[in-house]
Amino acid sequence: MDLILNFDRTAPTPLYQQLVEGLRDAVLRGRLKPNQKLPSTRLLAKSLGLSRATVTQSYDQLLSEGYLEGRHGSGTYVCAQIPDECLQAAPIDSTSAPQSDMGSLSRFGNHLLGLDQLDFSDPEAQISFRYGSPATEAFPMKLWRKLIYRHCHNTAALMKYSDAAGYLLLRAAIADYLGRARAIRCRPEQVIIVSGSQQALDLITRLTLDSGNWVAMEDPGYLGARHCFTGQGANLQGVPVDAEGINIEALSQYSQLFKLLYITPSHQFPTGAVLPLARRLALLKWAQQTGTLILEDDYDSEYRYGDRPIPALQGLDQHHTVIYVGTFSKVLFPSLRIGYLVVPPAWVSVIKQAKWLCDRQSPLLEQYALTDCLNEGHFERHIRRMRQLYNQRRQALVQALKHYLGARVTILGENAGIHLMVKIETSLPDDFVIQKAQRLGVGLISAQGYYLTTPKTGEFIFGYAQLDESQIEQGIQILAQILS
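Residues numbered from 1 in each chain as written. Predicted model: local features only at pLDDT ≥ 70, side-chain atom pairs only at ≥ 80, totals over all residues. Heavy atoms only, no water.

A. The arrangement of the sheet that holds strand S5 (residues 214-219) in detail. Taken together, the eight strands give an open sheet; going across it, the order is S4-S11-S10-S9-S8-S5-S6-S7, and neighbouring strands pair in mixed fashion. Taken across any chain shown, the strands that pair with only one partner, and hence form the sheet edges, are strand S4 (191-194) and strand S7 (245-246). By the bridge criterion, two bridges tie strand S6 (residues 235-242) to S7 in an arrangement that is antiparallel. Note that in S7 the partner of aspartate 242 across the bridge is glycine 245. The strands touched by helix H12 (residues 277-290) are S6, S7, strand S8 (258-263), strand S9 (293-297) and strand S10 (322-327); relative to S8, the strand with the most contacts, the crossing angle is about 160 degrees. (Pairing = 2+ DSSP bridges. Helix = DSSP H or I, 4+ residues; strand = E, 2+ residues; numbered from the N terminus. Contact = heavy atoms within 4.5 Å. Axes fitted to C-alpha atoms, helices over the stretch in contact; angles between N-to-C directions.)

B. Spotlight on the packing of helix H16 (residues 378-405) against helix H18 (residues 469-483). One way to put it is that H16 packs onto H18 with a least axis distance of 9 Å and a crossing angle of 25 degrees. Classified by the angle their axes make, H16 and H18 are roughly parallel. Read as a crossing pair, H16 and H18 show a hand that is right-handed. Touching Gln392, Arg393, Ala396, Leu397, Ala400, Leu401, Tyr404 and Leu405 of H16 are Glu469, Ile472, Glu473, Ile476, Gln477, Leu479, Ala480 and Leu483, all from H18. (Parallel < 35°, antiparallel > 145°, perpendicular 65-115°, else oblique. Left-handed = near helix turned anticlockwise from the far one by under 90°.)

C. Molecular detail of the pattern of salt bridges. Taken as a whole, this structure holds 17 salt bridges when the rule is applied. Residue arginine 206 is joined to aspartate 202 by a salt bridge in which the shortest nitrogen-to-oxygen separation is 2.9 Å. Of the two residues, arginine 206 and aspartate 202 both sit in helix H9 (residues 196-208), four residues apart, roughly one turn of that helix. We classify arginine 206 as partly exposed; its relative accessible area is 41%. Between glutamate 244 and arginine 279 there is a salt bridge, with the nearest N and O atoms lying 3.7 Å from each other. With a gap of 35 residues between them, glutamate 244 in the loop between S6 and S7 and arginine 279 in helix H12 connect regions that are remote in the sequence. Among the residues examined, glutamate 244 registers a relative accessible area of 41% and is labelled partly exposed. When salt bridges that share partners are traced, they join Arg150, Asp372 and Glu376 into one network. (Salt bridge = Lys/Arg side-chain N within 4 Å of Asp/Glu carboxyl O. Buried < 20%, exposed > 50% of the residue type's maximum accessible area, 1.4 Å probe, protein only.)

D. How the structure looks around the pairing of strand S16 (residues 459-463). Counted residue by residue, S16 has five buried out of five residues, so it is predominantly covered. Residue alternation in S16 divides its side chains into two sets, Glu459, Ile461 and Gly463 and Phe460 and Phe462, and both sets are buried. As paired elements, strand S13 (residues 419-424) and S16 share five bridges and run antiparallel to each other. Counted as the bridge partner of valine 422 is phenylalanine 460 from S16.

E. Local environment of the sheet that holds S13. Strands sit in the order S12-S13-S16-S15 across an open sheet of four strands; the sheet is antiparallel. Of all the strands in the sheet, the pair left with one neighbour each is strand S12 (409-412) and strand S15 (445-446). One ladder, built from two bridges, connects S15 with S16; its direction is antiparallel. Paired with isoleucine 445 across the two strands is isoleucine 461, which belongs to S16. Where helix H17 (residues 430-439) meets the sheet, its contacts fall on S15 and S16, and the angle it forms with S16 comes to roughly 35 degrees.

F. Quick look at the layout of surface pockets. As a volume, the second largest pocket reaches approximately 750 Å³. What lines the second largest pocket is a set of 31 residues, and nearest its centre among them are Tyr131, Gln198, Tyr222, Gly224 and Lys330. Of the residues contributing to the lining of the second largest pocket, the split by class is 14 nonpolar, 10 polar and seven charged. (1 Å grid on protein atoms, 1.4 Å probe; cavity = no way out; pocket = protein on both sides within 12 Å on 5 of 7 lines; lining within 4 Å. Points joined across faces, edges and corners; volume = space filled by probe spheres on them. Nonpolar A, V, L, I, M, F, W, Y, C, P; charged D, E, K, R; others polar.)

G. Quick look at the nonpolar core. Trp144 and Phe328 are the most contacted members of the largest nonpolar core, which has 67 residues in total. Of all the elements, H16 adds the most residues to this core, at 11 residues. Apart from the residues within four sequence positions on either side, tryptophan 144 is in contact with Phe139, Phe333, Leu336, Glu366, Ala369, Leu370 and Cys373. In terms of nonpolar packing, the next biggest core, distinct from the first, is built from 26 residues, Leu201, Val215, Met217 and Tyr262 among them. (Core = buried A, V, L, I, M, F, W, Y, C linked by side-chain atoms within 4.5 Å.)

H. How the structure looks around the pairing of S9. Of all the five residues making up S9, five are buried; the element is thus mostly covered by neighbouring parts of the structure. Pairing of S8 with S9 involves four bridges; the strand directions are parallel. The partner of tyrosine 262 across the bridge, within S9, is leucine 295. This β-α-β element, S8 to H12 to S9, shows right-handed connectivity. In this sheet, S10 lies alongside S9 in parallel orientation, the contact comprising four bridges. (Right-handed = clockwise from strand over helix to strand, strands pointing away.)

I. Quick peek at the state of the cysteines. Going through the model one piece at a time under the given rule, you end up with zero disulfides. Cysteine 152 carries a free sulfur, and the closest cysteine sulfur to it, the one in cysteine 373, is 16 Å from it. Cysteine 373 supplies the cysteine sulfur nearest to cysteine 186, a cysteine that is in no disulfide, at a spacing of 19 Å. (Disulfide = S-S within 2.5 Å.)

J. Fine view of the packing of aromatic side chains. For the structure shown, the criterion picks out 18 aromatic pairs. Judged by centre distance (6.3 Å) and plane angle (70 degrees), the ring pair of tyrosine 131 and tyrosine 450 falls under edge-to-face. Of this pair, tyrosine 131 sits in the loop between strand S3 (127-128) and helix H6 (141-152) while tyrosine 450 is found in the loop between S15 and S16, placing the two residues 319 residues apart along the sequence. Among the residues examined, tyrosine 450 registers a relative accessible area of 1% and is labelled buried. A centroid spacing of 4.6 Å and a plane angle of 70 degrees characterise the contact between tyrosine 167 and tyrosine 368, whose relative ring orientation is edge-to-face. Taken as a pair, tyrosine 167 in the loop between helix H7 (155-158) and helix H8 (168-182) and tyrosine 368 in helix H15 (residues 364-375) lie far apart in primary sequence, 201 residues in all. Under the relative-accessibility criterion, tyrosine 167 is labelled partly exposed at 24%. In this structure tyrosine 368 comes out as buried when scored by relative accessible area, which is 9%. Through successive ring pairs, a cluster of aromatic residues spans Tyr131, Tyr222, Phe269, Tyr299 and Tyr450. Positioned over the ring face of tyrosine 77 is arginine 71, at 4.1 Å from the centre of the ring. (Phe/Tyr/Trp six-rings, centres within 6.5 Å; stacked < 30°, edge-to-face > 60°. Lys NZ or Arg CZ within 6 Å of the ring centre and 35° of its normal.)

K. Main features of empty space enclosed by the protein. Evaluation of the coordinates by the stated rule reveals three cavities of 30 Å³ or more. Size it by volume and the largest cavity reaches roughly 50 Å³. In terms of lining, the largest cavity is formed by Phe139, Pro140, Leu143, Trp144, Leu147, Leu332, Cys373, His378, Phe379 and His382. Its residues placed into classes, the lining of the largest cavity shows eight nonpolar, two polar and no charged. Of the pockets and cavities examined, the second largest cavity occupies roughly 40 Å³.

Quick look at the structure:
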């Protein structure tokens, strides 16, 4: 299909909606004829430089509107007869079309309407350097099935409502593990089970922030947290990050009264910087003096290579100024959807109420299995195995970057986590590199979207946990060809 469609990636209209309007307009103007076959979602995504999920969402909407029809075993076609009211309609102007059906949205809803996808890497890429995905092929599924099956017979407990804060024995196992691994001081009652760290961020945001409140966060920083804060109507102040994490001196110079500081001190996202002990102590002192609550996101602190772990901020806190967020998504598997909050004692009741209102409780069967996984030592054995595997893949990525790109690259955060941030000396725009790589089967992510202030070019985030050594080398070799 030879059809030219234009997209404005800076516009507030989501890409899938731009594609819907472009295809609908092509049908109404006759550029797409009745009964004409459309390309598959995979082919159209590749030709337009979009993710397959974006194209699939657009096709689904046009199918429901009666512009397209699916023919079993054959593909997707323009309908033979377009709805009468559409034939009489004037061509759609995507820049001025009213969205009357969305007029009831709140400020939060309108904020979400203006967002593009939060996941920038195409999961369909043959070699995808998307971050945050663990090596699920190395997960001990046979053991996990055994732990799950052990509790399947306990139907009486599984079929009832339970504590909104989570299974108490799991909370106790997490508290015990965190005390050993992260020097966190808490009782089981202070651990609240949530559906992943994203729900933890959402709960704390809604409990602490009102419209107009100020939030400080690292710049660059995690988009999932940023959109939680702005969706609640908060004002954001980006704080610069250097090789040792958030700049405490710069933070101290701002005149705003901050309600919340969001930080990833153990492996700054996305730069990978690790906040040293002196800065941690200075940060806690600043928070106490200013009355600012610290939200510590410890999303992948289990993985460090060659360095001893630094105690979490929560373990150093003497004044209950830190709320700690952890997750099992990065260390076990993403669809498990079990994370946790460690909150000061005074916060326990209100967090439980907020969790109850949000989704009542997290599923019990997985909590039972995870409790056994922790108490019987399986979890920490798995961490040790994965740390060795990820270290091998990390070294393969570093070596490939240095071999194929040499002095053109600066590697950040290589001694922790399951991703690297890389600065590349190139005159090519990030979007060009990403689209060219995508056409060659390699999924890349630019760091530009993670900046609150002026984004930098030539910075990319490389997740490596889900790729083997040969895939890593092949992907970097392709990147080197593009850059040359």
